Protein chains: 4
Amino acid sequence: MTALELAIAVRPRLHLALPQKNHRLSSIDQLLSLAKENVSMIVVMRSNATEEELNAVLTRIQEHGLKGRVTYGEERNIVGVIGAAIPPTLREELERFPGVQEAVRITRPYKLAAREFHPHDTIVQVGDLVIGGGSFIVIAGPCAVESEEQIMTTAFAVREAGAHMLRGGAFKPRSSPYTFRGLGEEGLRLLAQARAETGLPIVTEVMTPTDVELVARYADVLQIGARNMQNFQLLEEVGRSGKPALLKRGMSATIEEWLLSAEYIIAQGNPNVILCERGIRTFETATRNTMDLNAVALAKRRSHLPVIADPSHGTGKWYLAPPLALASLAAGADGVMLEVHPDPDRATSDGGQSLTCENFAALMPQMTALANVLGRRDARWRR
Amino acid sequence: MTALELAIAVRPRLHLALPQKNHRLSSIDQLLSLAKENVSMIVVMRSNATEEELNAVLTRIQEHGLKGRVTYGEERNIVGVIGAAIPPTLREELERFPGVQEAVRITRPYKLAAREFHPHDTIVQVGDLVIGGGSFIVIAGPCAVESEEQIMTTAFAVREAGAHMLRGGAFKPRSSPYTFRGLGEEGLRLLAQARAETGLPIVTEVMTPTDVELVARYADVLQIGARNMQNFQLLEEVGRSGKPALLKRGMSATIEEWLLSAEYIIAQGNPNVILCERGIRTFETATRNTMDLNAVALAKRRSHLPVIADPSHGTGKWYLAPPLALASLAAGADGVMLEVHPDPDRATSDGGQSLTCENFAALMPQMTALANVLGRRDARWRR
Amino acid sequence: MTALELAIAVRPRLHLALPQKNHRLSSIDQLLSLAKENVSMIVVMRSNATEEELNAVLTRIQEHGLKGRVTYGEERNIVGVIGAAIPPTLREELERFPGVQEAVRITRPYKLAAREFHPHDTIVQVGDLVIGGGSFIVIAGPCAVESEEQIMTTAFAVREAGAHMLRGGAFKPRSSPYTFRGLGEEGLRLLAQARAETGLPIVTEVMTPTDVELVARYADVLQIGARNMQNFQLLEEVGRSGKPALLKRGMSATIEEWLLSAEYIIAQGNPNVILCERGIRTFETATRNTMDLNAVALAKRRSHLPVIADPSHGTGKWYLAPPLALASLAAGADGVMLEVHPDPDRATSDGGQSLTCENFAALMPQMTALANVLGRRDARWRR
Amino acid sequence: MTALELAIAVRPRLHLALPQKNHRLSSIDQLLSLAKENVSMIVVMRSNATEEELNAVLTRIQEHGLKGRVTYGEERNIVGVIGAAIPPTLREELERFPGVQEAVRITRPYKLAAREFHPHDTIVQVGDLVIGGGSFIVIAGPCAVESEEQIMTTAFAVREAGAHMLRGGAFKPRSSPYTFRGLGEEGLRLLAQARAETGLPIVTEVMTPTDVELVARYADVLQIGARNMQNFQLLEEVGRSGKPALLKRGMSATIEEWLLSAEYIIAQGNPNVILCERGIRTFETATRNTMDLNAVALAKRRSHLPVIADPSHGTGKWYLAPPLALASLAAGADGVMLEVHPDPDRATSDGGQSLTCENFAALMPQMTALANVLGRRDARWRR
């Protein structure tokens with residue numbers, strides 16, 4: 001573990017207690033250029049380091065035939081060292097300089113998504129809601145939008161129970177060509193209507209680069225599904241849209257690959273990425289997927305991005321979704337996304353993993369009680 | 001989902017609220033014989049069913065050329081229907097009889113470990129401690145017993161912080177023949193000494209059938225390691241010992257296989273089995289194993305046995321153990337087992353996944369706060 | 001195993017010996033409509049069944065309230081039974097009718113790709129080459145097209161050694177946004193130039209629906225990569241293009257999901273699908289992927305489509321590609337696809353899994369010798 | 001890849017052509033002591049290196065504060081360098097010494113099983129049979145010994161078809177306590193009788209350390225099952241028995257763990273270990289296991305031990321066993337083990353994966369033809 005990781009590790013409680021500042025916009029362009037130039041080491045300056053101390057570091061880096069690039073932050077400055085031929089002793093050498101807190105070799109292939117560069121939590125704002133940085137959010141709704149009645153009933157029910165955002169698929173990825181593939185733009189219109197009537201922002205999946213513009217006209221958050229986590233054109237198009245993105249982990253993607261996919265979006269200048277763990281494929285068949293809460297906790301450490309969990313897909317069984325939703329929150333997730341359907345037995349898709357509106361209403365007080373004891377703020381906290 | 005599963009699903013909260021009775025001893029022998037005779041259906045009688053109603057059911061079963069075997073419970077009686085040729089309409093037919101609550105086809109290959117037969121939680125008693133049935137237990141200690149000083153320091157530290165039981169390996173399974181394999185009986189003696197001085201019961205691993213008698217002389221709970229989950233002779237020998245057993249899930253074992261291994265122990269007349277999820281092997285290598293909390297929640301539904309979780313092995317990283325310990329509790333685990341070492345960097349094994357005594361002391365108040373909000377009793381509750 | 005599977009199982013050698021007829025075009029439209037109408041059972045008529053016998057079957061089906069749809073084949077006719085409420089005894093009943101060879105319940109969710117409907121091997125024709133039906137094909141070339149010199153050198157070398165087709169990526173899927181992503185259309189032009197000079201048809205990957213038209217202008221076979229196996233818009237667009245498609249199995253896709261993705265392509269009226277096993281993701285990290293030759297043998301049984309194997313990706317190590325290429329052939333693959341690079345150490349991607357031109361030349365005589373003993377024809381056989 | 005690996009990689013054909021010498025006995029004790037002393041580098045001397053050149057190397061090693069231990073081989077000597085603090089430049093330095101062929105850092109945790117130390121194939125001799133070193137062996141028989149008639153019928157049938165050895169389980173590992181667990185010693189007696197009547201050596205599983213002596217009295221080769229691959233007491237007991245051991249890979253064991261388990265056996269002074277790949281557990285459920293032929297090819301490179309394959313367990317389907325048996329041979333396996341039963345539908349265990357005697361007889365000529373074209377000798381070659 002790097003010294004920085006250690007530093008991050010020992011102060012997670014502070015994160016929650018301190019007033020959060022959102023640094024993401026101040027430095028995204030500089031981070032971007034750093035990342036593109038293949039930074040191999042970062043030098044974290046102390047918050048009280050002087051300009052002279054910073055310059056001394058830059059001079060030494062040049063003497064080694066390397067380039068130094070400064071990222072000026074609100075609290076502290078960071079120097080990125082560019083060049084492949086980092087002498088093995090450089091780290092120790094630079095850490096002896098006054099004003100240097102620490103120097104860290106960068107070996108992770110993702111940079112924009114990494115906490116090393118960006119120690120504070122990224123906070124994604126969606127309307128009044130804040131996602132990340134110690135809050136918790138509950139997103140609920142049906143797998144697919146099926147009809148006006150179905151989506152309206154659900155939207156009112158989940159708002160009543162305390163959900164913050166509405167989910168629902170207009171375009172559905174289907175492994176068989178013979179099953180319901182969603183209502184398409186009509187589904188988007190129904191979601192927009194539900195938002196208008198309930199005030200809940202909406203998240204819905206976009207499946208192909210050419211649909212991004214269309215879906216972005218309706219949605220507050222663009223969901224990238226597990227099967228598309230490595231559809232790189234789609235990632236870039238969503239990145240260019242500037243809309244907040246909810247990036248599901250692929251069912252066989254490593255945590256590193258997941259963060260690299262986030263990197264694709266951020267590299268387009270869009271830092272508003274919400275990671276979503278939804279279960280991985282393993283040998284166990286008693287559950288549809290294996291919910292990987294290790295990944296939630298580790299992604300929170302390795303990345304500054306908010307991480308939520310989807311226990312409906314993660315378990316594939318409605319009766320396992322509540323305990324795993326509670327577990328996700330306890331593991332450090334910034335929120336959960338749950339499938340809720342007024343009549344799961346008649347759902348066109350994934351009925352077996354959907355909660356009824358009553359199940360959901362019964363779960364919410366437990367979620368809130370747990371969030372309170374964990375010191376988490378409601379996602380509507382700023383209002 | 002069977003009707004009975006549904007029934008169990010909707011009343012988990014009741015389980016916690018009601019005074020628990022431990023039915024395990026009343027019927028283990030009958031259950032055993034039922035299981036061995038290949039029961040294909042069970043008929044759950046209402047609690048107020050009369051003897052006549054019961055006899056009418058038995059008569060009808062005989063008329064179909066089948067055998068009926070009654071298990072008399074404190075609250076209600078259960079009839080096991082023996083025979084392979086169950087008519088497809090038998091279930092409906094029997095459910096129309098007065099006094100019958102429901103009839104369920106048994107397809108699960110484990111019977112003694114299944115909740116169908118034994119709807120109440122099994123409670124394993126270890127000294128003053130109760131494991132299962134709504135309590136929560138914290139077991140802590142080093143991976144391996146290394147020296148008197150190490151085990152005593154740890155034992156006092158974890159008791160001080162609130163642990164209920166002490167863990168520590170005297171015999172260690174090692175994948176390489178060149179690594180430390182534990183102190184053997186000397187390690188057992190040190191554990192017994194630690195129990196004498198701290199009052200904490202001890203759990204330690206037994207690796208081979210011929211060691212069961214030796215280890216059982218010292219330990220309060222016999223641990224069966226993940227690599228031995230399908231060492232069937234060992235399971236049977238531990239079953240015969242009558243000692244409480246802590247059965248770790250194999251790293252590639254399905255939930256069904258895990259419960260079948262529990263069945264081996266119970267089938268020797270020993271119902272005191274504690275299941276322990278410790279992470280499964282998946283494609284993800286950023287963590288040592290993938291903690292499967294779906295399995296904790298599902299095992300709690302399918303079985304009456306207590307289920308605990310081991311986030312130290314389940315994550316392989318000390319800094320992920322605390323969030324996953326909290327998540328385990330929220331997912332419904334009856335307790336957690338954690339590796340704690342006074343000096344993890346010098347540990348002979350698994351130092352990287354051990355908490356320090358300070359880490360553990362910092363975690364315990366969070367565990368307790370969470371347990372309270374979840375309505376869980378301390379494992380020392382009866383005192 | 002169904003009776004039909006059994007029948008297929010016992011006559012694979014016959015397949016190779018008999019003159020092959022390609023039935024795919026005669027019945028694709030009818031099969032398509034059958035599939036879309038949710039056929040639940042198929043009744044295979046004997047090759048000498050009379051029209052009257054056929055009509056008797058259709059009448060009986062109607063009397064059960066079901067619909068029968070006939071697919072007229074060159075050798076024998078097949079009746080698809082449409083309707084969900086198939087009486088459990090219908091199979092036996094119909095098999096007693098004169099002229100009926102057998103009746104089979106369809107439970108597989110893919111129909112167009114299934115052997116049940118289409119017992120003969122599909123043969124995909126690419127220029128002079130025949131893929132499937134007992135031939136074997138060797139496709140070779142670099143992972144990515146890097147320069148004119150690189151692709152020309154490789155193309156001549158692999159043709160000289162006996163390859164039948166040239167592979168090379170113009171658009172490369174890259175998990176990191178900071179790595180080489182291919183030359184794009186310039187790469188396609190270089191591939192076309194290599195084809196012009198060597199006569200080898202070319203296969204190259206298309207990554208997004210909007211690129212299908214462009215890539216189809218240059219390529220003989222459109223490759224759908226593992227990461228896009230469930231990019232359903234892409235599958236459909238490739239289906240509509242009518243070009244032969246090489247469909248790689250996703251790294252965590254089941255065999256059933258793989259065949260369902262083939263179904264998407266065929267359902268657009270394009271039966272020219274070549275399946276390609278390229279290794280799956282498992283816990284084993286000593287190799288990049290785990291080559292699943294069970295899947296090759298099973299896909300050959302369950303589907304009529306040709307199945308090839310890619311041992312370069314399947315192993316990730318150049319020195320394992322030759323033994324696994326031989327093993328693929330022995331397991332029944334209709335061909336192999338291998339990465340060959342004139343200078344793997346300087347390759348922009350996947351150098352570690354590329355054979356040199358010399359390695360490839362050394363392997364080919366072994367491939368040919370093995371193919372001979374297995375009774376397989378060269379893919380250029382018809383010339 | 002190390003230089004030595006490269007050297008091994010380019011000369012596998014030579015291995016087959018050259019007269020094989022079995023060096024295993026000459027140096028096992030020295031290798032053992034080397035392994036136990038934690039050798040960190042090995043220096044391979046040229047075959048014509050002089051005593052003075054060897055001494056110069058040893059002196060230089062001492063000057064670095066390290067220890068050198070010489071293993072005298074028939075062809076060449078090898079120096080093991082003991083000590084953790086190997087200077088990074090030591091390799092280059094030693095390779096400039098006259099008489100040194102190469103120096104290799106040892107990072108693999110297994111040493112006795114590694115090819116680095118022992119470049120020639122180990123050949124395990126069982127009666128007249130030679131296993132390893134370019135031969136191929138076919139082991140066939142039922143999963144479990146069920147009766148005298150069953151085992152005798154099978155033994156004569158497989159001998160007639162060309163099998164070299166008879167397999168059959170007397171003690172069966174069963175995941176459920178309610179299934180047939182084998183005939184025990186009676187099964188061993190029937191196997192011995194089958195050997196007496198057919199002349200085929202027998203391999204049978206031993207499940208627990210205390211049974212090793214008993215099983216070793218009857219069996220020619222002791223099988224260690226997949227579930228026991230990390231039952232370390234059993235490995236050691238089999239090691240001490242001196243009997244040839246057939247070590248199945250655990251269903252979730254990495255190749256490295258498999259070789260480490262072999263190390264346990266060899267470390268007891270028993271070099272007669274035959275590795276057996278039998279399929280690993282993955283997400284794919286269409287086959288019982290996923291046969292990992294990458295592992296066969298890689299284990300052959302990394303270890304000098306013979307490696308065979310078990311396509312019956314590896315696929316779990318009788319109709320996939322033949323193509324995968326052929327594929328195993330082509331991938332480089334030193335043999336195959338197949339389940340054959342005179343009446344699979346009535347087998348007490350694993351009938352669905354057993355070939356009939358007729359299936360097996362049909363496969364053998366294909367195996368032999370393939371072995372011929374691959375230049376493999378029959379296991380009875382020396383007679």
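Numbers given for residues are sequential positions, taken from 1 along each chain in its written order. Naming scheme: in the order in which they are written, chains are lettered from A and ligands are numbered from 1. Confidence filtering applies because this is a predicted model: local features only for residues at pLDDT of at least 70, side-chain atom pairs given and counted only at 80 or more, and all residues used for totals across whole chains, interfaces and linings.

## Structural notes on the overall build of chain A
- Helices and strands together make up the secondary structure of chain A, namely 14 helices and 15 strands.
- Across the 383 residues of chain A, 58% fall into the buried class.
- Look at the contacts in chain A between residues 6 or more apart in sequence, and 70% of them connect residues 24 or more apart. A run of H or I in DSSP becomes a helix once it reaches four residues, and a run of E becomes a strand once it reaches two; helices and strands are each numbered from the N terminus. Residues with at least 20 other C-beta atoms within 10 Å of their own are called buried, those with 12 or fewer are called exposed, and the rest are partly exposed. The C-beta atoms themselves are positioned from the backbone. A pair of residues counts as a contact when their C-beta atoms, built from backbone coordinates, are separated by no more than 7 Å.

## Focus on the pairing of strand S14 (residues 335-339) of chain D
Residue and element names in this part refer to chain D.
- Within S14, five of the five residues are buried, leaving the element largely enclosed by the surrounding structure.
- Judged by which residues are buried, S14 turns out to be covered on both faces: Gly335, Met337 and Glu339 on one side and Val336 and Leu338 on the other are all buried.
- Note that strand S7 (residues 135-141) and S14 share five bridges and pair parallel. Paired with Gly141 across the bridge in S14 is Glu339. For two strands to count as paired, DSSP must find a minimum of two bridges between them.

## Considering the packing of helix H6 (residues 148-161) of chain D against helix H14 (residues 357-373) of chain D
All names here are of chain D.
- Running from N to C, H6 and H14 cross one another at 15°; their axes reach a closest spacing of 9 Å. Taken together, H6 and H14 sit at an angle that is classed as roughly parallel. In the crossing of H6 with H14, the sense of the turn from one axis to the other is right-handed. In contact with Thr154, Ala157, Val158 and Ala161 of H6, H14 contributes Cys357, Phe360, Ala361 and Met364.
- When the residues that make up the contact of H6 with H14 are grouped by side-chain class, the tally is seven nonpolar, one polar and no charged. Convention adopted: a line fitted to C-alpha atoms gives each axis, helices being fitted over their contacting stretch, and angles between N-to-C directions are expressed from 0 to 180 degrees. Should an angle fall under 35 degrees it is taken as roughly parallel, and over 145 as roughly antiparallel, whereas 65 to 115 is taken as roughly perpendicular and any remaining angle as oblique. Each helix crossing is assigned a hand: it is left-handed if the near helix lies turned anticlockwise from the far helix by less than a right angle, otherwise right-handed if that turn is clockwise. Throughout, the ten residues Ala, Val, Leu, Ile, Met, Phe, Trp, Tyr, Cys and Pro are labelled nonpolar, Asp, Glu, Lys and Arg are labelled charged, and all others, Gly among them, are labelled polar.

## Considerations on the relation of the copies chain B and chain A
- Here the copies are matched by least squares. The fit uses the C-alpha atoms of residues with pLDDT of at least 70 in both. Superposition of chain B onto chain A requires a rotation of 180° combined with a translation of 0.0 Å along the rotation axis, giving an RMSD of 0.1 Å. Interpreted geometrically, this transformation is the action of a two-fold axis. The C-alpha atom lying nearest the rotation axis in chain B is that of Ala327 of chain B; the distance is 2.1 Å.
- Comparing interface residues between copies, 100% of those in chain B also sit at the interface in chain A, which points to an isologous, same-surface contact.

## Some details on the interface of chain C and chain A
- With 26 residues of chain C in contact, the opposing surface of chain A contributes 26 residues.
- Mapped onto the side of chain C that touches chain A, the elements with two or more residues apiece are helix H9 (232-241) and helix H10 (255-266) of chain C.
- Examining the composition of the side of chain C that touches chain A, we find that four residues originate from one element, H10 of chain C, more than from any other.

## Considering the interface of chain B and chain A
- In this assembly, 32 residues from chain B lie in contact with 32 residues from chain A.
- At seven residues, the largest contribution of residues to the side of chain B that touches chain A is made by helix H13 (residues 321-331) of chain B.
- Taken together, the residues of the side of chain B that touches chain A break down into 21 nonpolar, eight polar and three charged.

## A short note on helix H9 (residues 232-241) of chain A
All names here are of chain A.
- In terms of burial, H9 is a largely internal element, seven of the ten residues being buried.
- Summarising the contacts, the buried residues of H9 are in contact with helix H8 (212-218), strand S10 (221-224), strand S11 (245-248) and helix H10 (255-266).
- Gly242 sits one or two residues past H9 and shows a positive phi near 75°.

## Some thoughts on the relation of the copies chain C and chain A
- Under the fitted operation, chain C is carried onto chain A by 0.0 Å of movement along the axis and a turn of 180°, and the coordinates agree to an RMSD of 0.1 Å.
- Interface residue correspondence from chain C to chain A reaches 100%, placing this contact among same-surface, isologous pairings.

## Describing the environment of Gly182 of chain B
All names here are of chain B.
- Structurally, the position occupied by Gly182 is in the loop between strand S8 (165-167) and helix H7 (185-198).
- By the C-beta count within 10 Å, which is 24 here, Gly182 ends up buried.
- Counting along the chain gives 33 residues from Gly182 to Val215, while the straight-line C-alpha distance between them is 13 Å.
- Other than its neighbours up to four places away in sequence, Gly182 contacts Ala144, Gly169, Ala170, Phe171, Lys172 and Gly187.

## Things to note about helix H9 (residues 232-241) of chain D
- The set of residues buried in H9 of chain D consists of Phe232, Gln233, Leu234, Leu235, Glu237, Val238 and Gly239 of chain D.
- Close packing links the buried residues of H9 of chain D with helix H8 (212-218), strand S10 (221-224), strand S11 (245-248) and helix H10 (255-266) of chain D.

## Structural notes on the confidence of the model for chain A
Residue and element names in this part refer to chain A.
- The quantity called pLDDT is the predictor's confidence in a given residue, expressed from 0 to 100. Considering every residue of chain A, the mean pLDDT works out to 86; 87% of them sit at 70 or more.
- Every residue in residues 1-30 is under pLDDT 50, and counting partners more than four places away or in other chains gives 39 contacts.
- Scoring of the predicted complex yields 0.81 for pTM and 0.80 for ipTM.

## Considering the environment of His313 of chain C
Residues and elements named next belong to chain C.
- Assignment of secondary structure puts His313 in helix H12 (residues 311-315).
- Sequence separation of His313 and Thr290 is 23 residues, and the distance between their C-alpha atoms is 9.2 Å.
- Each residue touching His313, except ones within four places of it in the same chain, is listed here: Arg278, Gly279, Asn289 and Gln353.

## Some details on the environment of Glu284 of chain A
- Along the chain, the position of Glu284 of chain A falls in the loop between strand S12 (273-277) and helix H11 (293-302).
- Judged by local crowding, Glu284 of chain A falls into the buried class, with 23 C-beta atoms found within 10 Å.
- In the structure, Glu284 of chain A is positioned 126 residues away from Val158 of chain A in sequence and 32 Å away in space, judged by C-alpha atoms.
- Residue contacts for Glu284 of chain A: discarding those within four places in its chain leaves Thr290 of chain A together with Thr254, Ile255, Ile280 and Asp292 of chain B.

## Thoughts on the packing of helix H14 (residues 357-373) of chain C against H14 of chain D
- One way to put it is that H14 of chain C packs onto H14 of chain D with a least axis distance of 10 Å and a crossing angle of 155°. Our classification of the angle between H14 of chain C and H14 of chain D gives roughly antiparallel. The two elements H14 of chain C and H14 of chain D cross, and the hand of that crossing is right-handed. Residues Ala369, Leu370 and Val373 of chain C of H14 of chain C touch H14 of chain D, and the partners they reach there are Ala369, Leu370 and Val373 of chain D.

## Points about the pairing of S7 of chain D
All names here are of chain D.
- Most of S7 is tucked away, with seven of its seven residues classed as buried.
- The side-chain alternation of S7 yields two buried faces, one formed by Ser135, Ile137, Ile139 and Gly141 and the other by Phe136, Val138 and Ala140.
- Pairing geometry for S7 and strand S15 (residues 377-378), over two bridges, is parallel. For Phe136, the partnering residue across the bridge sits in S15 and is Asp378.
- We call a crossover right-handed when, viewed with both strands directed away from the observer, the connection leading from the first strand over the helix to the second proceeds clockwise. Taken together, S7, H6 and strand S8 (residues 165-167) constitute a β-α-β crossover, and its handedness is right-handed.

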